[in-house]
Amino acid sequence: MPRMMNQELRPETLCVQAGWAPKKGEPRVLPIYQSTTFKYETSEQMAKLFDLEEAGFFYTRLQNPTNEAVARKIAELEGGVAAILTSSGQAASFFAIFNICEAGDHIVSASAIYGGTYNLFAVTFRKMGIEVTFVDQDAPAEEIAKAFRPNTKAFFAETISNPTLCVLDIRKMADIAHAHGVPLIVDNTFATPINCRPFEWGADIVTHSTTKYMDGHAAAVGGVIVDSGNFDWEAHKDKFPGLTEPDPSYHGLSYSKSFGKGAYITKATVQLMRDLGSIQSPQNAFLLNLGLETLHLRVPRHCENAQKVAEFLQGQEDVAWINYPGLSSNEYYELAQKQFRGGQSCGVVTFGIKGGRERSIKFMDSLKLAAIVTHVADSRTCVLHPASHTHRQLTDEQLMEAGVRPDLIRFSVGTEAAEDIIADLKQALEAIR
Ligand SMILES: Cc1ncc(COP(=O)(O)O)c(C=O)c1O
């Protein structure tokens, strides 16, 4: 079961040390518990685990010690009380919501979100009987509030949206969500807890695609859900009976009454993972932990390089427009300065090339160091054209609603020498002249 976290250490120390604290004679490095199951002495001991009367591991579909250690590290980094690793970022978004929603319910989501999440909400959730209303996160609070209904169960948005790089005013969103008695769920993939800790601004639950900066090496797909422990499910028990009322599949146990602040993650673990089974493999959790050990070194480097790239592109004649929250001309500059540690946002820069979609694609094809891959937030600089790739399933109307311009190039600045990345951009700009 989730344990309470040590919130006193700095992020740099947590990246390196949190999660795994070996006792006498135990491995210094977090081991991969490559075991589907765990041994007990008596049948009664095992029965107690199944009744959730005692904490312990019994089957890796629900929990595994490697995963638990890495989840604890991320929970500490985010300043939350508990976390669960999922098989992907998509699974994290899905389970974060499905843990408190069912057929007949409704959620409100920012429209500026990752294309895969948009599809999950607009198509798959609808098939499951969960309706989603998309809102412009920059609209006035009164406008956004109109989207909420009596059966609304959550408000979802991204700290920095992929690929539109809209910076979320987390406090504003949290106030709207709380005024309607629902939690704010924030996908913090792009900012990472190094640059932003959404709980400090009022968010209740945080999700990540750990596939991105957290792993950082494009080695392991994964996700995580972190709970702040701050949302009072009991105060809104009419909305969240799944957390507060007896669960017949656990002999009438109530998660909120039995586990308090650990209720949300416990339910996701013992009910959703038991029934739907999408936890991260311990191998991937091990790789993720290696990535996390250097997150505090890599993220600032990504941001410094991205700043240099953005400043370079800003001065280029062939660049039609450029979007990076670190540019003082950017509409989110002030918010980024206020909400993000040292004003640093992420390593992703978006821009368009004069001449529209075709010329933007030609430019991308001319890059040599930056590789065209379906990925972002990797140590290696990479590039993608969302309208042709990640957002391909979206109609033109949905693309515009998600703020994705047809000429938008998503340039994910890596940790190489900024001079080499800029030299690559320079030669590609010359190649299309
Ligand atoms: C912001 C964001 N959230 C979620 C996801 C989905 O994560 P995954 O690819 O790990 O399933 C992505 C993937 O690009 C993303 O960028």
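Residues numbered from 1 in each chain as written. Predicted model: local features only at pLDDT ≥ 70, side-chain atom pairs only at ≥ 80, totals over all residues. Heavy atoms only, no water.

## Observations regarding the packing of helix 13 (residues 295–314) against helix 17 (residues 418–431)
Thinking step 1. Where helix 13 meets helix 17, the axes come as close as 9 Å, and the angle between the chain directions of the two elements is 30 degrees. The orientation of helix 13 relative to helix 17 falls into the category roughly parallel. Of the two elements, helix 13 crosses helix 17, and the hand of that crossing is right-handed. Taken together, the residues of helix 17 that come into contact with helix 13 (itself represented by Asn 305, Lys 308, Val 309, Phe 312 and Leu 313) are Ala 418, Ile 421, Ile 422, Leu 425, Lys 426 and Leu 429.
Thinking step 2. For the contact of helix 13 with helix 17, the per-class residue count stands at eight nonpolar, one polar and two charged. (Axes fitted to C-alpha atoms, helices over the stretch in contact; angles between N-to-C directions. Helix = DSSP H or I, 4+ residues; strand = E, 2+ residues; numbered from the N terminus. Parallel < 35°, antiparallel > 145°, perpendicular 65-115°, else oblique. Left-handed = near helix turned anticlockwise from the far one by under 90°. Contact = heavy atoms within 4.5 Å. Nonpolar A, V, L, I, M, F, W, Y, C, P; charged D, E, K, R; others polar.)

## Concerning the side chain of Thr 117
Thinking step 1. With respect to the helices and strands, Thr 117 occurs in helix 5 (residues 115–127).
Thinking step 2. In contact with Thr 117, not counting residues within four places along its chain, are Gln 90, Ser 93, Phe 156 and Glu 158.

## Structural notes on helix 11 (residues 263–276)
Thinking step 1. The end-to-end C-alpha distance of helix 11, which contains 14 residues, comes to 18 Å, matching closely the 20 Å that a straight helix rising 1.5 Å per residue would cover.
Thinking step 2. Judged by how many residues are buried, helix 11 sits mostly within the fold: 11 of 14 residues are covered.
Thinking step 3. Three or more residues of helix 11 are buried, namely Ala 263, Tyr 264, Ile 265, Thr 266, Lys 267, Ala 268, Thr 269, Val 270, Gln 271, Leu 272 and Met 273.
Thinking step 4. Residues of helix 11 that are buried sit in contact with strand 1 (82–86), helix 4 (89–98), strand 6 (205–209), strand 7 (223–227), helix 9 (241–244) and helix 10 (255–259).
Thinking step 5. Of the residues flanking the end of helix 11, it is Gly 277, one or two places downstream, whose phi is positive at about 50 degrees. (Expected span 1.5 Å × (residues − 1). Buried < 20%, exposed > 50% of the residue type's maximum accessible area, 1.4 Å probe, protein only.)

## Side note on the pairing of strand 5 (residues 184–187)
Thinking step 1. Alternating positions in strand 5 separate into two faces, Leu 184 and Val 186 on one and Ile 185 and Asp 187 on the other, with burial throughout.
Thinking step 2. As paired elements, strand 4 (residues 152–158) and strand 5 share four bridges and run parallel to each other. Each residue of the ladder has a partner; that of Glu 158, found in strand 5, is Asp 187.
Thinking step 3. Two elements, strand 5 and strand 6, share three bridges in a ladder whose sense is parallel. Each bridged residue has a counterpart across the sheet, and for Ile 185 the counterpart in strand 6 is Ile 205. (Pairing = 2+ DSSP bridges.)

## Comments concerning the nonpolar core
Thinking step 1. Core analysis: the biggest nonpolar cluster contains 134 residues, and Phe 121, Phe 155, Phe 351, Phe 363 and Phe 411 have the highest contact counts within it.
Thinking step 2. In terms of residue count, helix 13 provides more of this core than any other element does, eight residues in total.
Thinking step 3. Here this core spans two domains, since at least three of its residues come from each of domain 1 (11–291) and domain 2 (298–431). (Core = buried A, V, L, I, M, F, W, Y, C linked by side-chain atoms within 4.5 Å. Domains from an automatic or database assignment.)

## Details of the sheet that holds strand 4
Sheet strands associate in pairs through backbone hydrogen bonding, adopting either a parallel or an antiparallel arrangement.
Thinking step 1. An order of 1-7-6-5-4-2-3 is seen for the seven strands of this open sheet, with the pairing classed as mixed. Of all the strands in the sheet, the pair left with one neighbour each is strand 1 and strand 3 (131–135). Sheet twist, expressed as the mean angle between neighbouring strand axes with direction ignored, is 20 degrees.
Thinking step 2. Two elements, strand 2 (residues 106–110) and strand 3, share five bridges in a ladder whose sense is parallel. By the bridge assignment for strand 3, His 106 is matched with Glu 131.
Thinking step 3. Its contacts with the sheet place helix 4 against strand 1, strand 2, strand 4, strand 5, strand 6 and strand 7, and it is angled at close to 35 degrees to strand 7.
Thinking step 4. Across the face of the sheet, helix 5 comes into contact with strand 2, strand 3 and strand 4 while running at roughly 145 degrees to strand 3.

## Describing the domain arrangement of the chain
Thinking step 1. The assigned domain composition of the chain is domain 1 (11–291) and domain 2 (298–431).
Thinking step 2. A C-alpha centroid distance of 29 Å is found between domain 1 and domain 2.
Thinking step 3. On the side of domain 2, 37 residues touch domain 1, which itself brings 39 residues to the contact.
Thinking step 4. Between domain 1 and domain 2, the buried area comes to about 3200 Å², and carbon and sulfur atoms account for 58% of it.
Thinking step 5. At the surface where domain 1 touches domain 2, the tally comes to one salt bridge.
Thinking step 6. With a shortest N-O distance of 2.9 Å, Arg 341 and Glu 12 are connected by a salt bridge.
Thinking step 7. One can count 15 residue pairs in polar contact (both at pLDDT 80 or more) joining domain 1 with domain 2.
Thinking step 8. Broken down by secondary-structure element, the contributors of at least two residues to the side of domain 1 that touches domain 2 are helix 1 (11–17), helix 5, helix 7 (170–179) and helix 8 (192–195).
Thinking step 9. Partitioning the side of domain 1 that touches domain 2 into residue classes produces 21 nonpolar, 12 polar and six charged. (Buried area = accessible area lost by both parts, 1.4 Å probe. Salt bridge = Lys/Arg side-chain N within 4 Å of Asp/Glu carboxyl O. Polar contact = N/O pair within 3.5 Å; in protein donor to acceptor, adjacent residues only side chain to side chain.)

## Describing the site of the ligand
Thinking step 1. Residues in contact with the ligand, as listed here, are Ser 88, Gly 89, Gln 90, Tyr 114, Glu 158, Asn 162, Asp 187, Thr 189, Ser 209, Thr 211, Lys 212 and Gly 222.
Thinking step 2. Asp 187 places a side-chain nitrogen or oxygen 2.6 Å from a nitrogen atom of the ligand.
Thinking step 3. With respect to the ligand, the side chain of Lys 212 contributes an N or O atom lying 2.8 Å from an oxygen atom.
Thinking step 4. When the ligand sits alone it has 390 Å² of accessible area, and the protein chains cover 90% of it.
Thinking step 5. Of the residues belonging to the shell around the ligand, the class tally is one nonpolar, eight polar and three charged. (Near = heavy atom within 4 Å. Areas by Shrake-Rupley, 256 points an atom, 1.4 Å probe, with all protein chains shown as cover.)

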